[in-house]
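Commentary on secondary and tertiary structure
Spelled out from the first residue to the last, the chains are:
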Amino acid sequence: MAAPEEPELSQAQTEKLLQFQDLTGLESMDQCRRTLEQHNWNIEAAVQDRLNEQEGVPSVFNPPPSRPLQVNTADHRVYSYIVSRPQPRGLLGWSYYLIMLPFRFTYYTILDIFRFALRFIRPDPRGRVTDPVGDVVSFIHNFEETYGRAHPVFYQGTYSQALNDAKRELRFLLVYLHGDDHQDTDEFCRSTLCTEEVITFLNTRTLFWACSTSRPEGYRVSQALRENTYPFLAMIMLKDRKMTVVGRLEGLIQPEDFINQLIFIMDANQPYLMSERLEREERSQTQVLRQQQDEAYLASLRADQEKDRKKREEQEQKRQEEEKVRQSVLAEERRRRTLEEEKERKSECLPPEPPADDPESVKIVFKLPNDTRVERRFLFGQSLAVIYDFLFSLKESPEKFQIITNFPRRVLPCLPTEEQPNPPTLKEAGLSRTEVLFVQDLTDD
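Residue indices begin from 1 for each chain and proceed along its sequence in written order. Per-residue local features of the predicted model are confined to residues with pLDDT of at least 70, and side-chain atom pairs are confined, for both listing and counting, to 80 or more; whole-chain, interface and lining totals are unaffected and use all residues. Computation of side-chain values: all heavy atoms of the structure, hydrogens and water removed.

**Overview of the side chain of D30**
Rule in force here: Runs of H or I in DSSP of at least four residues are treated as helices and runs of E of at least two as strands, each being numbered from the N terminus. Burial classification: accessible surface area is computed with a 1.4 Å probe over protein chains only, and a residue below 20% of its type maximum counts as buried, one above 50% as exposed, and the rest as partly exposed.
Position of D30 relative to the elements: it lies in helix α2 (residues 29-38). Relative accessible area serves as the criterion here: at 6%, D30 is assigned to the buried category.

**Digging into the sheet that holds strand β7 (residues 361-367)**
Condition: Here a strand pair is declared whenever DSSP counts at least two bridges between the two strands. Contact between two residues is taken to exist if any of their heavy atoms lie within 4.5 Å; hydrogens are not considered. Between N-to-C directions, angles span 0 to 180 degrees; the directions come from axes that are lines fitted to C-alpha atoms, helices contributing only their stretch in contact.
Read across the sheet, five strands follow the order β8-β7-β11-β9-β10 without closing on themselves; strand pairing throughout is mixed. Across the chains shown, the open sheet's two edge strands, defined by having one partner strand only, are β8 (373-379) and β10 (410-411). Examined bridge by bridge, β7 and β8 share seven bridges and lie antiparallel to one another. Counterpart to K367 in the pairing with β8 is R373. Strands β7, β8, β9 (401-405) and β11 (434-441) of the sheet are contacted by helix α12 (residues 384-393), whose axis makes an angle of about 125° with β9.

**Points about the environment of V386**
Here V386 is to be found in helix α12. Its relative accessible area of 15% is what places V386 among the buried residues. Between the C-alpha atoms of V386 and L350, which are 36 residues apart in sequence, the distance is 6.9 Å. Setting aside chain neighbours within four positions, we find V386 in contact with L350, P351 and F378.

**A closer look at the nonpolar core**
One broad trend across soluble globular proteins is that nonpolar side chains are buried collectively. Rule in force here: Note on terminology: a nonpolar core comprises buried Ala, Val, Leu, Ile, Met, Phe, Trp, Tyr and Cys residues joined through side-chain atoms within 4.5 Å.
Counting 52 residues, the largest nonpolar core has L173, V175, Y176, L202, W209 and F258 as its most contacted members. Take this core: its biggest share by element is seven residues, from strand β5 (residues 232-239). In contact with F258, not counting residues within four places along its chain, are L174, T192, V198, L202, L233, L249 and I253. Counting residues in each nonpolar core, the second largest holds 25 residues, with L350, L368, Y388 and L412 among its members.

**As for helix α1 (residues 11-24)**
The following threshold applies: By definition here, a helix of n residues has an expected span of 1.5 Å times n minus one.
With 14 residues, α1 should reach 20 Å at 1.5 Å per residue; the first-to-last C-alpha distance of 20 Å fits that figure. Positioned one or two residues after α1, G25 has a phi angle of 80°, which is positive.

**As for the pattern of salt bridges**
The condition is simple: Salt bridges, as used here, are contacts in which a Lys or Arg side-chain nitrogen is within 4 Å of a carboxyl oxygen on Asp or Glu.
For the structure shown, the criterion picks out 24 salt bridges. In this structure, E250 engages R248 in a salt bridge whose closest nitrogen and oxygen atoms are separated by 3.8 Å. You'll find E250 and R248 in the same group, each marked buried. Where E313 meets R309, a salt bridge forms, and the shortest distance between an N and an O atom there is 2.2 Å.

The structure is reproduced here in structure tokens:
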């Protein structure tokens, strides 16, 4: 039985719980119930969220919290690796360095003063994060335009979502802050980040999140991690139950050295992840007995509900069949009344039968499908539609029919068409003063 402190499920909630388990394949009823409760029992949102988790992409229906997951950056055991720029070599190199030094100093000093003064005039727009996912997607788009599509798989979500996924999946999260204006950024992206060995390593061993510091989301992360120079990368993982920065790489680093440093950081901190995995497994095992009891209870409940469902379906099917028969009878009655009314209307609209001695009269004998014969006179100048209306008004005539001459055998065009909106007259149709016409039943067709 379920724990007494948990409220009992309604019949609709129980059906959603069973349907969610069938769609996702989850064995744990508790996990299924927690997921549905987090989504207010919206089964479509819960299933989509579960599929997102399996594919490693951010949840569509679970937006990041207003306050991002806090990251511990004050751990004194954090590993830091900084690559300094190479010193000038030779007389020519030192001469160039000394000549350019005052220009660089003046340029960066003026730039810093301008940025400092600009803050008093207009607040830094990066300080307000309004579309964090858009910032990340924009960076990825700009990165691919500059460096091509051969790059590590960027996490397409916010920084907070990346932290939550890394925590949930117990994986290493590598954060890269892209400094657009730094002199080493371009060489690092081309020579290190986009090399085949680095791409393979990052795609298989880490979650990789990146953003430009010129965008609000990247600037917010920069303020939290407090980098010293670019390129900057931080390795983050779950350590002592907190997301912690365990490694920092700064400066222009070569591919082989880059991979070696990441392996060193990951090997040094792997025991923490293994310990957390063991704790999670132990917590999971303590719930096995209750889950088995819940599953047995729900299995019995499912069987009862299935019986009730089948009974309701049979009753509903019987009701629908009876309603279908009733509607069919009503429709047939309406059709017959409509047909009778139409026959009466056609009969009333027929022109009078001309006398036998009228030189313009035509005597026509009609042979109906039931072998009865009907005789009537018409005028040569009358339309073939009059003949059709006369036959239609007869009770013995079928609902749908066509009129055929005997020799030569042809169908008379009695009804208007797009090509011939006005049917021809009897004279135009080539009928003689005495004719025998056959009525062919088309009702079955």
